[in-house]
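So the chains spell out like this:
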Amino acid sequence: ISAKTILLAGGTKKRKINIINQEKFLGKGVSYCATCDGFFYRGKKVAVIGGSDSAAGAAIYLAKLAQEVILIYRKEKLRAEKYWVKLIEKNSKIRIVFKKQVKELFGQDRLEGLILENEERILVDGLFIEAGSEPDKDFLGLELEREKTGAIIIQKDGRTSIEGIWAAGDITNGSDNFHQVVTAVAEGAIAARSIHKYLEKSKVDEKH
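Summarised in this report is the structure supplied together with it. (Residues numbered from 1 in each chain as written. Predicted model: local features only at pLDDT ≥ 70, side-chain atom pairs only at ≥ 80, totals over all residues. Heavy atoms only, no water.)

1. As for the overall build of the chain
For step 1, the next point in the chain: Helices and strands together make up the secondary structure of the chain, namely four helices and 12 strands.
For step 2, the next point in the chain: Relative to the compact-globule value of 17 Å for 208 residues, the chain shows a C-alpha radius of gyration of 21 Å, a clear excess of over 25%.
For step 3, the next point in the chain: Principal axes of the C-alpha set define a box for the chain whose edges measure 75 × 35 × 30 Å.
For step 4, the next point in the chain: Expressed as a percentage of the 208 residues in the chain, the buried residues total 40%.
For step 5, the next point in the chain: Pairs at least 24 residues apart make up 58% of the contacts formed inside the chain by residues separated by at least 6 positions.
For step 6, the next point in the chain: Taken as two groups, the 35 positive and 29 negative side-chain charges of the chain have centres that lie 4 Å from each other. (Helix = DSSP H or I, 4+ residues; strand = E, 2+ residues; numbered from the N terminus. Rg over C-alpha atoms; globule rule 2.2 N^0.38 Å. Buried < 20%, exposed > 50% of the residue type's maximum accessible area, 1.4 Å probe, protein only. Contact = heavy atoms within 4.5 Å. Lys, Arg positive; Asp, Glu negative; His and termini not counted. Charge placed at Lys NZ, Arg CZ, Asp CG, Glu CD.)

2. Description of the sheet that holds strand β8 (residues 111-116)
For step 1, the next point in the chain: With antiparallel pairing, the three strands of this open sheet are ordered in space as β7-β8-β9. Taken across any chain shown, the strands that pair with only one partner, and hence form the sheet edges, are β7 (102-107) and β9 (121-123). Ignoring strand direction, the axes of neighbouring strands in this sheet form an average angle of 25 degrees. (Pairing = 2+ DSSP bridges. Axes fitted to C-alpha atoms, helices over the stretch in contact; angles between N-to-C directions.)

3. Some remarks on the layout of surface pockets
For step 1, the next point in the chain: Roughly 460 Å³ of internal volume is contained in the largest pocket.
For step 2, the next point in the chain: Taken together, the elements giving at least two residues each to the lining of the largest pocket come down to α1 (34-37) and α2 (53-63).
For step 3, the next point in the chain: The biggest single contributor to the lining of the largest pocket is α2, with five residues.
For step 4, the next point in the chain: Residues of the lining of the largest pocket, tallied by class, amount to six nonpolar, six polar and five charged.
For step 5, the next point in the chain: Each pocket or cavity is described by its volume, and for the second largest pocket that value is around 380 Å³.
For step 6, the next point in the chain: Lining the second largest pocket are Thr-12, Arg-15, Ser-133, Glu-134, Pro-135, Thr-149, Ala-151, Asp-170, Asn-177, Phe-178, His-179 and Gln-180.
For step 7, the next point in the chain: For the lining of the second largest pocket, the leading source of residues is strand β11 (residues 133-135), giving three residues.
For step 8, the next point in the chain: Here the residues of the lining of the second largest pocket sort into three nonpolar, six polar and three charged. (1 Å grid on protein atoms, 1.4 Å probe; cavity = no way out; pocket = protein on both sides within 12 Å on 5 of 7 lines; lining within 4 Å. Points joined across faces, edges and corners; volume = space filled by probe spheres on them. Nonpolar A, V, L, I, M, F, W, Y, C, P; charged D, E, K, R; others polar.)

Shape is all these values report; function is a separate question.
Next comes the structure, spelled out in structure tokens:
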């Protein structure tokens, strides 16, 4: 494919955790989206891995549906905002397990439980992994200027550090890193307009 310009809009991908049988039970008890799949665990026992705002938010949301929510975090203190932490502490349906990591998942056709690094077994019907996300870094092997997080650095019109290449959405550092559909769509529209202007100018330059 040959093109004068490129617009990258690959978004982000969920950060994976090294857990035995994680892929085996994906969609069969393991999920990366509490709001998408939480309904299927109404009245059941679930676990959430993570200590960020997203993990805390997932735990609170799931507590409205599930019978019990176990929040597992590898450090001794949640890194979520105080607002989320207070909500969790007040919720009797949420139990926090600090300084532990999930080593393995077990079950037959579906997830039945998890094994912690100290070999402790916890029976759960569902596991929600909230280890954060990261920008897609595999675009064509391009050496684009990025932030430490991996986000592509863009100008206000979506231009990247390489001429002829624009980027938009969660893959960038645009919109103050406010990763929402509305901001991604807006960045895409701005970039498309900028590309149009760039191509029009190229036509004029070619004539002269």
